[in-house]
Amino acid sequence: MVEERDDSPMSKKSFRVLILIVALLPFAGCSASTPSPLIPDYSRQQSESPVPAALLAAAYEARPFHRISAPAAAKSGIYVSAPYDTSILGFKSGYKEGRGPMCTIFTGLAVATNIAADSAGNLIVPRRVDDTVAVYNGPTMCGSERGEFRDPYGPPVNAASLNAATGLIVLANQHGRGHLERRVGSIALCTLKRCMKKLTSANVTGYGFGVALAKNGDCWLTSENASFTGAAMTYWPGCTGSGEAVTGFMNASYGSLSIDKAGNLVSVDIVGGGAGQLWVYSGCSPACTVVGGPFPLHGNPIAGTLNAKGDTFGTMETPFPYGGNVDIYRYSPTSLTYKYSFDSSFAPVADPEGITYSPALEQ
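Criteria and cut-off values
Residues numbered from 1 in each chain as written. Predicted model: local features only at pLDDT ≥ 70, side-chain atom pairs only at ≥ 80, totals over all residues. Heavy atoms only, no water. Helix = DSSP H or I, 4+ residues; strand = E, 2+ residues; numbered from the N terminus. Buried < 20%, exposed > 50% of the residue type's maximum accessible area, 1.4 Å probe, protein only. Contact = heavy atoms within 4.5 Å. Areas by Shrake-Rupley, 256 points an atom, 1.4 Å probe, with all protein chains shown as cover. Pairing = 2+ DSSP bridges. Axes fitted to C-alpha atoms, helices over the stretch in contact; angles between N-to-C directions. Core = buried A, V, L, I, M, F, W, Y, C linked by side-chain atoms within 4.5 Å. Disulfide = S-S within 2.5 Å. pLDDT = per-residue confidence, 0-100. Phe/Tyr/Trp six-rings, centres within 6.5 Å; stacked < 30°, edge-to-face > 60°.

This part takes up the overall build of the protein. Within the protein one finds four helices and 25 strands. In the protein, buried positions account for 57% of the 363 residues. Sequence-distant contacts in the protein: of pairs separated by 6 or more residues, those separated by 24 or more amount to 55%. Working note: accessible area of the protein is about 13,800 Å², and carbon and sulfur atoms make up 56% of it.

The pairing of strands in a sheet happens through backbone hydrogen bonds and is either parallel or antiparallel. Strand order across the open sheet formed by four strands is β9-β10-β11-β12, with antiparallel pairing between neighbours. Here the strands that pair on one side only, and so sit at the sheet edges, are β9 (156-161) and β12 (195-199). Neighbouring strand axes in the sheet, compared pairwise and without regard to direction, differ in orientation by 25° on average. Taken together, the five bridges between β9 and strand β10 (residues 169-173) define a ladder with antiparallel strand orientation. Opposite proline 156, over in β10, you have asparagine 173 as the bridge partner.

Within the element layout of this structure, serine 358 appears in the segment after β25 (354-357). When its relative accessible area of 3% is taken as the criterion, serine 358 is described as buried. Discounting chain neighbours no more than four positions away, the residues touching serine 358 are Gly77, Tyr79, Ala117, Gly121 and Met141.

Before going further, it helps to examine the nonpolar core. If you look at soluble globular proteins, the nonpolar side chains tend to sit buried side by side. Within the largest apolar cluster, 40 residues are counted, with the highest numbers of intra-cluster contacts made by Ile78, Val80, Tyr95, Val170, Ile187 and Cys219. Tallying contributions element by element places strand β13 (residues 208-213) first for this core, with three residues. Setting aside residues up to four positions removed in sequence, valine 80 forms contacts with Ile88, Leu89, Phe91, Ile115, Met316, Val326, Ser344, Phe346, Gly354 and Ile355.

To continue, consider the state of the cysteines. Inspection of every chain in the model, using the stated rule, returns four disulfides. The connectivity of the disulfide-linked cysteines in the protein, indexed sequentially, is 1-2, 3-4, 5-6, 7-8.

Take the confidence of the model for the protein next. Considering every residue of the protein, the mean pLDDT works out to 82; 79% of them sit at 70 or more. Predicted confidence for residues 1-63 stays below pLDDT 50, and this span has 115 contacts to residues more than four positions away or in other chains.

Our focus in this paragraph is the packing of aromatic side chains. What the rule picks out here adds up to eight aromatic pairs. Between tyrosine 207 and phenylalanine 228, the aromatic rings sit 5.7 Å apart at their centres with planes inclined by 70°, giving edge-to-face as the arrangement. One end of the pair, tyrosine 207, is in the loop between β12 and β13; the other, phenylalanine 228, is in the loop between β14 (219-224) and β15 (231-236), with 21 residues separating them in the sequence. Per residue, the accessibility class of tyrosine 207 equals that of phenylalanine 228, and both read buried. For the ring pair phenylalanine 249 and tyrosine 281, a centre distance of 5.6 Å and an interplane angle of 40° mean the geometry is tilted. In this pair, phenylalanine 249 sits in the loop between β16 (244-245) and β17 (257-259) while tyrosine 281 sits in strand β19 (residues 277-283), placing the two residues 32 residues apart along the sequence. Like tyrosine 281, phenylalanine 249 is buried.

As a further point, take the pairing of strand β2 (residues 78-81). Regular strands place side chains that alternate from one sheet face to the opposite one. Residues Ile78 and Val80 line one face of β2 and the alternating positions Tyr79 and Ser81 line the opposite face, and both faces are buried. Bridging between β2 and strand β3 (residues 87-91) involves three bridges; their strand directions are antiparallel. In the sheet register, isoleucine 78 faces β3, and the bridge partner there is phenylalanine 91. Between β2 and β3, which pair antiparallel and follow one another directly, the connecting turn spans five residues. Two elements, β2 and β25, share four bridges in a ladder whose sense is antiparallel. Looking across to β25, one finds that serine 81 is bridged to glycine 354.

The strand order across the open sheet formed by four strands is β13-β14-β15-β16, and the pairing between neighbours is antiparallel. Taken across any chain shown, the strands that pair with only one partner, and hence form the sheet edges, are β13 and β16. Two elements, β13 and β14, share four bridges in a ladder whose sense is antiparallel. When the sheet's bridge partners are listed, leucine 213 is paired in β14 with cysteine 219.

Structure follows, in structure tokens:
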């Protein structure tokens, strides 16, 4: 279901109130089976993670910066999502005016952790709450649903595809199904019709999140380690086999993966450097060479996205009270410069995390 924008003051106020109400629903009568967003693995679940909550809370003290409002010329298509919300919000213009999203895709289901788009602008929405994935038509923003399928291997939290309409879609599963797989991530190989295979590796010992698919068919996954004290990257040549441990991976923590115009892996490090940072690697098949970074980010983003030209990188800030701010940076493999920010319209309590440019960079 696609909703067009209503710019009236009452509409905007009602929209924000609705977002806030929906965001709070999961906290009322939660059961043990209710999925939680990935960010709290670091900031709240102290029984599982030794990283103190103060690390995220102090991020803005450690790395303050003056936010710059988006210029009127900012018109690239961007989608944003939040685990505790039932809609994907689309932006194409009006960033500077703060008019909110130009369109909305109502999914009817909460917990869309991260989202992805292909180079044709088709939007991929992993829905961890019921282990399904929906694909929406591009290149227009908030297109109709093209189809959906179920991930039988685990809750999907991220995706990548060169052609989501007819080609391979790779999913990052946060964890598996069985008792021994409950804390171990994997990759699912799927098409819009079904999932065919699961990729696992002895190198993956904790939750999975970042996933990348190269045009030559190679796959990568970033994951936490078993003790939630660090991160790993795993490489599957041709998206087959048992996976190889990547060496030279410098991330302190996991986050999303992107591939830039030069074929480098662009890796978000959610708590590295205090407020998050970005690494750029070449190779990683399986030996990585650091090309750029670590570049400082703001607001502990877990996800980042490259635009179609490959010269701009966007992230979503996560900690309260600034969660929901979208930050835009000028990108090259050897430099990252902050440009501007805008409000995603998500309330911070919705734990906004997901972001993708549409269309995405064509490799």
